[in-house]
Every structure is written in structure tokens, then in C-alpha cells.
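# Chain and residue survey
Spelled out, the chains give:
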Amino acid sequence: MDKNLSGEDNDDIDWDTEDELEIQEIQDTVFSSCTDLRTTGQHVVCCDGEASSSSVPFRSKFIQQFVVMGFPEESIAKAIEQNGENSDLVLDSLLTFKALDDSPEEQPSVSPPLEPSISSDDSASEYNENVLDNVYEEDSWSSDSDNYINTVKQCYLNDEGSSLSEKEKMLLFLANMGYPAEEASIAMDRCGPKASLPELVDFICAAQMSRAEDPYLLEDVKPNLKDILNDCGGYKKRKMYNELCKRKKQREISGEEPIRLPKPMIGFGIPTESVPRMVQRILPEKTIGPPYFYYENVALAPKGVWDTIKRHLYEIEPEFVDSKYFSATARKRGYLHNLPIENRFPLFPLPPRTIHEALPLSKRWWPSWDTRSKLNCLQTAIGSARLTDKIRKAVEKYDGEPPMEIQKYVLYHCKKWNLVWVGRNKVAPLEPDEVEMLLGFPKNHTRGGGISRTDRYKSLGNSFQVDTVAYHLSVLRDLFPNGINVLSLFSGIGGAEVALYRLGVPLSNVVSVEKSEVNRNIVRSWWEQTNQRGNLIHFDDVQLLSRDRLKKLIESLGGFDLVIGGSPCNNLAGSNRVSRDGLEGKESSLFFDYVRILDDVKSIMSRHR
């Protein structure tokens, strides 16, 4: 992926997708933005690598590095007195002081803090539906751990902290930072009694990052924790530790666990069902008929999000569908719409449904112990060359099948990064044109025009799965044989437009609203290449699409027949462990602009009638 499309040992990966979002910039700091300070001779080396050449004495510089982190000088002096001029020990003490100072106010009760949610929408590594129930019902806290940590906290609240052992004090501090008691205890046992706080946090964060990236991976296919630690890399773990310290007490969303999804996730039916489902669907009278609307977002949003979406979209029940039933790759989504559900039909020819059907050349090299038949949700980042080389070296050491431990390691990364076998003992990430095919787009849809491989992966990772959406939209072909007017919000690379075109629905007028210039260029290029006879009108910001502008568009075009789109899920995706603020988040709050625009369209068009 040019220079930064690496799945490992690269901190420049762009994880900004509809499903996965890496840790973003955190506010409400405890530290300043430059936290990883080290002393070198008479210089202080900052995290950006620049050294200060000031003639300030060494001890002053040693104190200054903690002052810029926001610690009071009195506490710094006390920590230095206890530990000498050892940066790590002083930092440990300062954090402990702060935790003890904050405990009476920040922890008024003795109940354990909520464990940060580690659920993720589409990072499932296998396709047994029972895994979902296991994840939803899993309890990360045992009763013994609850009782133990509560007892330790109560001692502090009762000013009996002096009687606690060093291990108990460290356990309490980790719990106050939001880590589960079991994880903290395991880390302390594994790292040893002399482990510093950064080492313990590194250990816990490495395990949590692995689970966050692939929470549905069965335990028997996860690699050893040693492998996870090696793959995370020291800098990444330190970065995670610093960011967690900045936001020690994160805002808690009520009900972090994801909603319970239907099983199987096939919505109101899929084309491969032998017997069609009998679904009784009653729509509110005011939503029947055009303008039709169709809204999409991640299925595994925080609890309550889909209830809010329903409430703002006329209490219509969403249709939860996994695109693995339409293609060779998973994509778990919720679709809320007022479209008819009778007489649907799929796109023809039917797309490949398994990996080997989609990528037949890989079958020759596929080992028998890799039993995957489906790919995971396609993301915006791919596995690195370094990772694929490590896998090659690990497998080629053995004449026959590698040991089970090696198989588990390889399968873990193959599932995580959607790696496929392209040669003897060789795996590789999917190419952009392969991703296009799996998502239902025409070949080279995102190619050319100055668009980099990085942008291609990013744009595709944020798109609709065309075959799934087309199945829902297929009812529009008979309703609009002479052409359809579409208002496409958050249109991305034109998944809705491609679906309608492939269904044979003439596109009379399309008003496409998309912030990314790269995506707008892709849609414009496709429009020209397919010789569309209608009009394509671009806007770049839904927030600037006012009622007056909508009124003028409706007057000039004769109204809209379909309002379609999926607002950003950045604050909904389970792996966003920092700003998973639901529909109140900066990005995902754009859902309310979808609602506003839809209401304005319906209101203006009702008056015109």
C-alpha cells in the first residue's frame, strides 16, 4: 500500500474505515502531546527526536521533563527523593501519587470500573454464528476478582492503604486506570514482581489490542501471547500506554456491549434460501411510497444506537444482513429503509461465494489445514511484506504440515489481514482489483486518475457491498422503468449508483454528496465510462445542504425518488477505544444530517404535490 500499507511494524496505517478505527488524537490530557522523554548526557531527547542544547543543569532538565507532563513540582520532588534520578521509577511514582489523590473523588463507590468494550463489527475470523452469542454473553470479571479488587479499594477509602502490599497497590492503580483485575493480575505474574508500571501496561495493552482487532477469533486459533507482543512492537505499545494515561478516566457510554443480532444474519431474506422467509412488515402510513429512503451503518454499534436510529427514522425495524451470504467476504451491516421487500431478485451473474470460486488460482497452493471458505470484512489496511515473509519462513522449515503452533500463528494473521496463498508457502494480501471484484464493483473502478494504492484500499474499505445493496434495491426496477432521481448522501465511490445501474434502473438525475475529492473523482469517472445519459451533480458537504438548496434542486429536477446513504461509523465501530461516543461523536453525528435532509425532502415534496 505504497509506503504505509503495512499490517505490522508500521504506525502510519490508515485505519479510518467504516469498521475499524485505530486510536485517534485524545484530548483532556494528563500528559502533553510529547510524553516519551528520555535523558541523554546533558540533553533531553523528546519524542520527535530533537535534542535541547540548553545549558540548564541536568537535574533541572530531569525535573522539567515531568513538569511538561503536567505533574506538580512538589510531587516530582517527592518521587525523586524516593527513587533517585531513574525516569521510569519516578514516572511510576508520579502516576501512583495521582491515582491515590484521585481515588476518593473519582471512585465514590467500590464497584469495579467497566472494562472498555473490545467488540468489533466485521473482524470476525470464522463464520460460526454461535461465536456471536459467546462474545455477547462473555463476562470478563470473575466474582473472585470482583471481591478482591473491591476489598483493596475499600482499604484505600478507609485510609488503610499503608497496610497494602506493593502488589496490591499496583493492582489497585491498574484497576483505577480501567484495566480488569484479572488482566492486571496475569500481567503482574507474567512480568515478575519487579516489573514497572509501563511494562505492565505494555503487556495488558498488547493483549487487548489483539482482542480488539479480532474479538470473534476462537481461542484455539489465537497465537501465543509472546507472538502478539512481538507483532505489536515496542513503540506501538508505548504509544498506547501514553494515550491511555492521557485519558485514564474515559467517558463511559451507557451499555457498551453490542446489540444482540439475529441469527443467521439474513435480514428479511436472501436469494439463496430454498424457501423464502415469511416476513410480516408493517410500515407507518406516512412512510409508504416515495420518496423511498435507505440508510446503512455497522451492525455492531453500541447498545442503544440502533434504537436511536429507529426512533429518528419512523420506528422502522432495521434489516441486519451479513454480506457473506452474497459474496465471498463478510460485511455485517444494518439497513433501515421503507422499500418493499416482496419480489426481490439478485444481480446476475451471481458473484462467487467462496474464496476458491473468487480466486481460483489460489486453490493450487492452499494448504489443507487452512480451512477458510470466506474472507473477513475487507478493510483499508493490508498485511505487510515483512509479515508475509515471516509466515513464509515459518512454514517452509517443515517438509510436511507445520506443527499446530505454527498453523495457529499463520491462520491468525491470514484471517486478520485476509491473506491468500499465492505460491508454495507464500501468502499475500488482496490486490485492489480483487477487492473491487469481491465488493461487486467493476474492474479498475478505483484505478487511475492519480489515485494511489493507499486511496484505492481506503475507498474500497469504506464502500457498500454492491450485491447486498442491489438485492434490496431490486424492487425499484419495476417501479421506475423510465428512470430514477437519486439523492446519494455520503456516496463514497458510488456503491448505490453502481447497484442501480447493474440492476437496469436508468439514472435520470443523481445528486451525490461526498466529502472526499478522491471518491468524487472515482464516481465521475465511472459515470463517464458507462455513458450515463442522466445528470450527475456533486456536493461536498452534507452539512451545507440546506433546506433552500434542497428546495431549488427539487424544483429543477422534479423531486427525488430515493434518498440513500450510510453516515460515518467512526464513533460506532467496536475497535475505536477512545472516541466510541455513539451518535454523539464528531463523525457519526452526521447521521442527524441524513435525518434532517430526509425530513426536508419529504416535507418539500409533500407541499409540491
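No experiment lies behind these values; they were computed from the predicted model shown.

## Quick word on the overall build of the chain
- A count of helices and strands for the chain gives 22 helices and 11 strands.
- Among the 609 residues that make up the chain, the fraction classed as buried is 57%.
- Sequence-distant contacts in the chain: of pairs separated by 6 or more residues, those separated by 24 or more amount to 74%.
- Of the accessible surface of the chain, which amounts to about 27,700 Å², a share of 48% is contributed by carbon and sulfur atoms.

## Comments concerning the packing of aromatic side chains
- Scanning all chains against the criterion turns up 11 aromatic pairs.
- Here tryptophan 526 and tryptophan 527 contribute two aromatic rings whose centre-to-centre distance is 6.3 Å and whose plane-to-plane angle is 65°, an arrangement assigned as edge-to-face. Considered together, tryptophan 526 and tryptophan 527 belong to a single accessibility category, that of buried residues.
- Ring pairing ties together the aromatic residues Tyr295, Phe591, Phe592 and Tyr594, which thus form one cluster.
- The ring of tyrosine 314 carries the charged tip of lysine 602 above its face, separated from the ring centre by 5.6 Å.

## Comments concerning the side chain of threonine 468
- Relative to the assigned elements, threonine 468 resides in helix α17 (residues 466-473).
- Within the structure, threonine 468 has its side chain in polar contact with the side chain of serine 323 (distance 2.7 Å).
- Not counting residues up to four positions away in its chain, the partners in contact with threonine 468 are Val321, Ser323, Phe326 and Tyr335.

## As for α17
- The buried fraction of α17 amounts to 8 of the 8 residues, a majority that puts the element mostly inside the structure.
- Looking at α17, one finds that the buried residues are Val466, Asp467, Thr468, Val469, Ala470, Tyr471, His472 and Leu473.
- Against the buried residues of α17 lie β3 (292-298), β4 (319-322), β5 (332-337), α18 (476-479), α19 (495-503) and β11 (562-565).

## Thoughts on the sheet that holds strand β10 (residues 535-539)
- Judged by pairing direction, the sheet is mixed, and its 7 strands sit side by side in the order β4-β5-β3-β11-β8-β9-β10 without closing on themselves. Either end of the sheet is taken by a strand with one partner, and the two such strands are β4 and β10. Neighbouring strand axes in the sheet, compared pairwise and without regard to direction, differ in orientation by 20° on average.
- The pairing of β3 with β11 spans 4 bridges and is parallel. Note on β11: the bridge partner recorded for phenylalanine 293 is valine 563.
- In this fold α19 packs onto β8 (484-489), β9 (507-513) and β11, with an angle of close to 165° to the strand it touches most, β9.

## Overview of the pairing of β8
- Within β8, 6 of the 6 residues are buried, which leaves the element mostly enclosed by the surrounding structure.
- The side-chain alternation of β8 yields two buried faces, one formed by Ile484, Val486 and Ser488 and the other by Asn485, Leu487 and Leu489.
- Here β8 pairs with β11 via 4 bridges, running parallel. What sits directly across from serine 488, in β11, is isoleucine 564.

## Some points on the environment of glycine 440
- Turning to its location among the elements, glycine 440 is positioned in the loop between α15 (432-438) and α16 (453-461).
- According to the relative accessible area criterion, glycine 440 is buried, its value standing at 7%.
- Between the C-alpha atom of glycine 440 and that of phenylalanine 464, which follows or precedes it by 24 residues, the distance is 8.8 Å.
- The residues contacting glycine 440, other than those within four sequence positions of it, are Gln465, Val466, Asp467, Val498 and Arg502.

## Some thoughts on the pattern of salt bridges
- Within this structure, the stated rule accounts for 13 salt bridges.
- Here aspartate 467 ties to arginine 502 by a salt bridge, and the two come within 4.0 Å at their closest N and O atoms. With aspartate 467 in helix α17 and arginine 502 in helix α19, the pair connects residues that are 35 residues apart, well separated along the chain.
- A relative accessible area of 34% places arginine 502 in the partly exposed class.
- Between arginine 596 and aspartate 593 there is a salt bridge whose closest N-O contact spans 3.1 Å.

## A closer look at the pairing of β5
- Burial analysis of β5 places 6 of its 6 residues in the buried class, which makes it a mostly covered element.
- Residues Lys332, Gly334 and Leu336 line one face of β5 and the alternating positions Arg333, Tyr335 and His337 line the opposite face, and both faces are buried.
- Judged from the 4 bridges that link them, β4 and β5 form a sheet pairing that is antiparallel. Considered in β5, the bridge of valine 321 is made with arginine 333.

## Points about helix α13 (residues 385-396)
- Taking 1.5 Å as the rise per residue, α13 with 12 residues should run 16 Å; its terminal C-alpha atoms sit 16 Å apart, in good agreement.
- Turning to α13, its buried residues number three or more, namely Leu387, Thr388, Ile391, Ala394 and Val395. Down the axis of α13, the sector holding all buried residues measures 125°, keeping them to one side. Set apart from the buried face of α13 by more than 90 degrees, the exposed residues are Ala385 and Arg386.
- Contacts made by the buried residues of α13 are with α14 (404-417) and β7 (426-428).

## Some points on unusual backbone geometry
- A cis amide bond links lysine 263 to the next residue, proline 264, at an omega of 0°.
- Look at the link from proline 290 to proline 291: it is a cis peptide, with omega at 0°.
- Among the secondary structure elements, proline 291 is positioned in the loop between α10 (234-246) and β3.
- The phi angle at tyrosine 314 is positive, at roughly 65°, despite the residue not being glycine.
- Tracing the chain through its elements places tyrosine 314 in the loop between α11 (305-312) and β4.
- Phi angles above zero are rare outside glycine, and asparagine 444 is one such case at about 70°.
- On the basis of relative accessible area, asparagine 444 is assigned to the partly exposed category, the value being 30%.

Each value, and the rule that gives it
- Residues numbered from 1 in each chain as written.
- Predicted model: local features only at pLDDT ≥ 70, side-chain atom pairs only at ≥ 80, totals over all residues.
- Heavy atoms only, no water.
- Helix = DSSP H or I, 4+ residues; strand = E, 2+ residues; numbered from the N terminus.
- Buried < 20%, exposed > 50% of the residue type's maximum accessible area, 1.4 Å probe, protein only.
- Contact = heavy atoms within 4.5 Å.
- Areas by Shrake-Rupley, 256 points an atom, 1.4 Å probe, with all protein chains shown as cover.
- Phe/Tyr/Trp six-rings, centres within 6.5 Å; stacked < 30°, edge-to-face > 60°.
- Lys NZ or Arg CZ within 6 Å of the ring centre and 35° of its normal.
- Polar contact = N/O pair within 3.5 Å; in protein donor to acceptor, adjacent residues only side chain to side chain.
- Pairing = 2+ DSSP bridges.
- Axes fitted to C-alpha atoms, helices over the stretch in contact; angles between N-to-C directions.
- Salt bridge = Lys/Arg side-chain N within 4 Å of Asp/Glu carboxyl O.
- Expected span 1.5 Å × (residues − 1).
- Arc of directions from axis to C-beta.

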